[in-house]
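Structural overview
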Amino acid sequence: MTLKVAVFGARGRMGAEVCRAVEGASDLELVAALDAGDDRTAAETADVAVDFTHPDAVMDNLAWCLGRDIGVVVGTTGFTPERLDRVNELLGHHPGTGVLVAANFSVGAVLMMHFAEQAAAFYESVEIIELHHPGKADAPSGTAAATAARVAAARTAAGLEAPPDATSSGLEGARGARADGIAVHSVRLRGLVAHQEVLLGSEGETLTIRHDSLDRVSFMPGVLAAVRALPGRPGLTVGIESVLGLT
Ligand SMILES: NC(=O)C1=CN([C@@H]2O[C@H](COP(=O)(O)OP(=O)(O)OC[C@H]3O[C@@H](n4cnc5c(N)ncnc54)[C@H](OP(=O)(O)O)[C@@H]3O)[C@@H](O)[C@H]2O)C=CC1
Ligand SMILES: O=C(O)C1=N[C@H](C(=O)O)C[C@H](O)C1
């Protein structure tokens, strides 16, 4: 069976790549490639929509799709726990429809987060450095925020206290931002795509877990796997771990 796919954000960096990937897959048909302000009528025939737009635009697209029982694969960032609650509320009115939200669709980034979560319990210190292209709308990245949440939860479960830091004064911002109590540093640099390091340290040793997306094609296997999985998955799925068989 061919799945009909609509792409929101189709002329953007990610959306354009998703359109190419869908058009290159024999089991998928691109029925709508929409950008801001476009007429959405063509998307009404879709089985699954994919959203790579902007944190300020995605909720409206989601509500529009769910109102038509169209499942949505969401790559757009900005999904706080409160926002996920809102998605669950919307899904409550459409129990047969699925939404999959993932901060990162690249297999390597999923593994990097998984390894960081596993390592978190064993180290006194941890900090996250995320590095992206300068066109990125948000900071910190969704991946860094998700990693911080998972690392913080693993530390709490292991009974660890806050990472040591004797800083009492200095230039504001020099120690980065705090996400779930974890220091996160955001770099924006021409030439980069999407990169992250999780640095862990204890007396006498450090461990660095680094992932690099060097090209946006790195996200496509995960996006297509999510598109194919969604029709059999009503409700909210967060992350692609279950789609990849990691959980
Ligand atoms: N989950 C993941 O694996 C990844 C997630 N991302 C996330 O995806 C999002 C998009 O990133 P990126 O492609 O780099 O951004 P871009 O700015 O390149 O693309 C976003 C596109 O969405 C369009 N757009 C804005 N509003 C709407 C709307 N209401 N309906 C349809 N289209 C709209 C924009 O149009 P216009 O320019 O005219 O406003 C633009 O073409 C970000 O949140 C980013 O963090 C990125 C990479 C991987
Ligand atoms: O905007 C990007 O480019 C990316 N956004 C996602 C994020 O914020 O984590 C995923 C990846 O880092 C690329």
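Residues numbered from 1 in each chain as written. Chains lettered and ligands numbered in written order. Predicted model: local features only at pLDDT ≥ 70, side-chain atom pairs only at ≥ 80, totals over all residues. Heavy atoms only, no water.

For the protein, an unreviewed UniProt entry supplies the name 4-hydroxy-tetrahydrodipicolinate reductase and the organism Microlunatus flavus. In the Function (unreviewed entry) part of its UniProt record, the protein is described as follows: "Catalyzes the conversion of 4-hydroxy-tetrahydrodipicolinate (HTPA) to tetrahydrodipicolinate." (UniProt positions renumbered as here; feature names shortened; annotations may be inferred.)

**Quick notes on the UniProt feature "binding site: NADP(+)" (unreviewed entry) in the protein**
Summarizing the sequence annotation, UniProt attributes the feature "binding site: NADP(+)" (unreviewed entry) to Arg40 in the numbering used throughout. Structurally, Arg40 is set in the loop between strand E2 (28–34) and strand E3 (48–51). If sequence neighbours within four positions are ignored, Arg40 has contacts with Phe8, Leu34, Asp60, Asn61 and Trp64. (Helix = DSSP H or I, 4+ residues; strand = E, 2+ residues; numbered from the N terminus. Contact = heavy atoms within 4.5 Å.)

**Quick word on the sheet that holds E2**
The sheet built from six strands is open, its strands ordered E2-E1-E3-E4-E5-E11 with parallel pairing. The strands lining the two open edges of the sheet, one partner per strand, are E2 and strand E11 (235–238). Within the sheet, the average angular offset between the axes of one strand and its neighbour, ignoring direction, is 20 degrees. Of the strand pairs in this sheet, strand E5 (residues 98–101) and E11 are connected by four bridges, and their pairing is parallel. Following the sheet pairing, Gly98 is matched in E11 by Gly235. (Pairing = 2+ DSSP bridges. Axes fitted to C-alpha atoms, helices over the stretch in contact; angles between N-to-C directions.)

**Observations concerning the site of ligand 2**
Taken together, the residues surrounding ligand 2 are Thr77, Ala103, Asn104, His132, His133, Lys136, Ser141, Gly142, Thr143, Ala194 and Phe219. For ligand 2, an oxygen atom lies 2.9 Å from a polar atom in the side chain of His133. Take Gly142: an N or O atom from its main chain is 2.8 Å from an oxygen atom of ligand 2. Coverage of ligand 2 by the protein amounts to 84% of the 320 Å² it exposes when considered alone. (Near = heavy atom within 4 Å. Polar contact = N/O pair within 3.5 Å; in protein donor to acceptor, adjacent residues only side chain to side chain. Areas by Shrake-Rupley, 256 points an atom, 1.4 Å probe, with all protein chains shown as cover.)

**Re the pairing of E5**
Residue alternation in E5 divides its side chains into two sets, Gly98 and Leu100 and Val99 and Val101, and both sets are buried. Sheet topology note: the strand E4 (residues 71–74)/E5 ladder contains three bridges and is parallel. When the sheet's bridge partners are listed, Val73 is paired in E5 with Leu100. As for the winding sense of the linkage, the β-α-β connection from E4 through helix H3 (residues 81–92) to E5 is right-handed. (Buried < 20%, exposed > 50% of the residue type's maximum accessible area, 1.4 Å probe, protein only. Right-handed = clockwise from strand over helix to strand, strands pointing away.)

**Some words on the side chain of Thr237**
The topology assignment puts Thr237 in strand E11. If sequence neighbours within four positions are ignored, Thr237 has contacts with Val99, Leu100, Val101 and Ser242.

**A closer look at the domain arrangement of the protein**
Partitioning the protein into structural domains gives domain 1 (3–101 + 217–243) and domain 2 (107–214). Placing the centre of domain 1 and that of domain 2 at their C-alpha centroids yields a distance of 27 Å. With seven residues of domain 1 at the interface, the matching set in domain 2 holds ten residues. Together, the buried faces of domain 1 and domain 2 total about 720 Å²; carbon and sulfur atoms form 58% of this surface. Interface area lost by domain 1 to domain 2 is led by Arg13, Thr77 and Glu241, which between them contribute 52%. Counting every contact that joins domain 1 to domain 2 gives one salt bridge. One salt bridge in this structure joins Glu241 and Arg150, with 3.0 Å as the shortest N-O distance. Looking at the side of domain 1 that touches domain 2, its residues break down into two nonpolar, three polar and two charged. (Domains from an automatic or database assignment. Buried area = accessible area lost by both parts, 1.4 Å probe. Salt bridge = Lys/Arg side-chain N within 4 Å of Asp/Glu carboxyl O. Nonpolar A, V, L, I, M, F, W, Y, C, P; charged D, E, K, R; others polar.)

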